[in-house]
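Below, each chain spelled out in residue letters.
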Amino acid sequence: MTKKLCLSVSALALLFASAVAPTFAQAAPSADKAFDFRSEAIVELKAAQDELVSLAQAMPQEKYTWRPEEGVRSVSEVYLHVAAGNFGLTAVAGAPPYPGFKFQGFEKSTTDKAKIIELLNQSFDYAEKSVANMSEADMSKPLNFQGFNTVGAVIFHLVAHCHEHLGQSIAYARMNGVVPPWTAAAQAKMQQPKPQ
Amino acid sequence: MTTTLRISVLAFALGLAFALAAKAEAVPAPKPAAQTASSAQPVDTTPPSYDMKAQSLLDLDDLQKKFVSLAKAVPADKYDWRPMPGVRSFGEVFLHVTGTNFQYAHAIGAPPIPDFKADGYDKSQMDKAQIVEKLNQSFEYTRDAIEKMSNADFRKPMKQFGPDANAGDIVYIIVTHTHEHLGQSIAYARMNGIVPPWTAEQMNAQPKN
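Residues numbered from 1 in each chain as written. Chains lettered and ligands numbered in written order. Predicted model: local features only at pLDDT ≥ 70, side-chain atom pairs only at ≥ 80, totals over all residues.

1. Remarks on the overall build of chain A
Test applied: Helix numbering and strand numbering both begin at the N terminus, where a helix is a DSSP run of H or I of at least 4 residues and a strand a DSSP run of E of at least 2. Counting other C-beta atoms within 10 Å of a residue's own tells you its class, since 20 or more makes it buried, 12 or fewer makes it exposed, and anything in between is partly exposed; those C-beta atoms are placed from the backbone.
When helices and strands are counted, chain A shows six helices and two strands. Its helices and strands in sequence order give chain A the pattern α-α-α-α-β-β-α-α, from N to C terminus. By the burial criterion, 52% of the 196 residues in chain A qualify as buried.

Have a look at this one:
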């Protein structure tokens with residue numbers, strides 16, 4: 001029923017470049033589908049949004065062009081890559097396209113911190129609202145995109161994609177001495193004296 | 001229907017799962033998107049139709065291949081490397097994923113791993129070969145646990161994680177947790193000039209002009 005999809009980063013690029021789709025192994029279908037996947041996908045998107053946006057806010061503007069080595073995405077390019085994935089994959093899943101979004105060149109379209117944070121938030125809001133507007137029945141609707149063969153498979157990948165680049169962004173932050181805000185808050189709480 | 005499990009799951013990863021009360025946060029009711037043509041959307045009464053079991057198994061298979069190949073590509077003398085003090089090293093990230101897999105898989109029905117102790121597992125004294133072996137084993141163990149579930153089992157309540165939590169939520173968190181640390185590990189690799197093996201394969205497969 002579902003297919004493999006995890007060419008995460010390149011999938012959209014390949015779509016927009018009209019490249020030949022890779023073939024993936026077919027997963028054996030399960031008969032009794034019961035899990036409320038759609039609601040959990042929204043929970044996971046919101047969790048990724050909260051952390052990624054707070055991390056983007058904590059990163060100084062001058063670090064937005066930092067990258068670990070040549071040929072690898074910079075801080076700003078990773079953030080915009082996530083936003084592009086949110087805009088692009090959600091539309092692939094059947095939502096009305098986000099007005100004005102163009103995948104080509106999006107990752108390098110700006111390095112301005114405030115603009116990037118705004119785009120990140122817009123992309124997550126759009127993805128979450130769009131998934132909320134889909135029905136449970138929509139999740140098994142067939143489609144054909146880079147090895148994804150249902151709407152649910154694309155949504156599954158959209159969520160995984162955000163979390164993978166969140167992890168990457170956390171490592172980027174640490175390399176630049178920036179502690180993720182939620183970790184800093186947890187550490188501060190642990191250091192508070194306990195009431196007698 | 002589902003809950004935000006992140007606080008309880010974090011507690012679980014710290015070995016405190018059953019000692020802490022879970023914080024449940026209901027998913028907000030779906031709201032009509034601005035782009036949707038019809039603003040008066042009827043309540044969705046369609047049953048779940050998504051094949052979560054098959055998709056999660058497929059994704060974990062891919063995650064296992066990537067994680068294990070990356071762990072093999074990192075030289076043994078880099079396993080202690082960390083981006084800054086107080087942050088997990090390469091080896092500790094790999095063991096964190098391993099330990100979390102063992103715990104979550106056990107939570108959804110797998111038998112306990114003999115001699116496994118979650119507390120301090122990240123800092124276990126193991127060499128590269130042992131870490132790679134445990135990492136690989138943890139994915140096998142997790143996929144085996146999911147394989148043994150019926151799709152209906154995904155609705156099985158897991159109240160220790162939250163009042164509305166179920167086994168499917170835990171499976172999904174295994175997936176997102178692993179993706180997050182894969183992204184972290186890839187960034188670690190890049191900072192050390194290591195190209196992820198699957199990326200190197202793609203680069204080699206591209207025609208050279």
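Now that the structure has been shown, the text picks up again.
2. Topic: the confidence of the model for chain A
Residue and element names in this part refer to chain A. Let me state the cut-off plainly: The quantity known as pLDDT measures the predictor's confidence residue by residue, on a range of 0 to 100. The contact criterion used is a C-beta to C-beta distance within 7 Å, with each C-beta placed from the backbone.
Mean pLDDT over chain A stands at 85; residues scoring 70 or higher make up 81%. Highest mean pLDDT in chain A belongs to helix α3 (residues 75-92) (98); lowest belongs to helix α1 (residues 8-16) (35). Every residue in residues 1-31 is under pLDDT 50, and counting partners more than four places away or in other chains gives 66 contacts.

3. Describing the environment of Ala118(B)
Tracing the backbone through its elements, the reader meets Ala118(B) in the loop between α3 (90-107) and α4 (128-147). Sequence spacing of Ala118(B) and Gly162(B) is 44 residues, and the spatial spacing of their C-alpha atoms is 21 Å.

4. Considering unusual backbone geometry
In this structure, Gln146(A) is a non-glycine residue whose phi angle is positive, near 50°. You can see Gln146(A) is positioned in the loop between β1 (142-145) and β2 (148-150). Given 24 C-beta atoms within 10 Å, Gln146(A) falls into the buried group. Positive phi outside glycine occurs at Asp115(B), with the angle close to 70°. Assignment of secondary structure puts Asp115(B) in the loop between α3 and α4.

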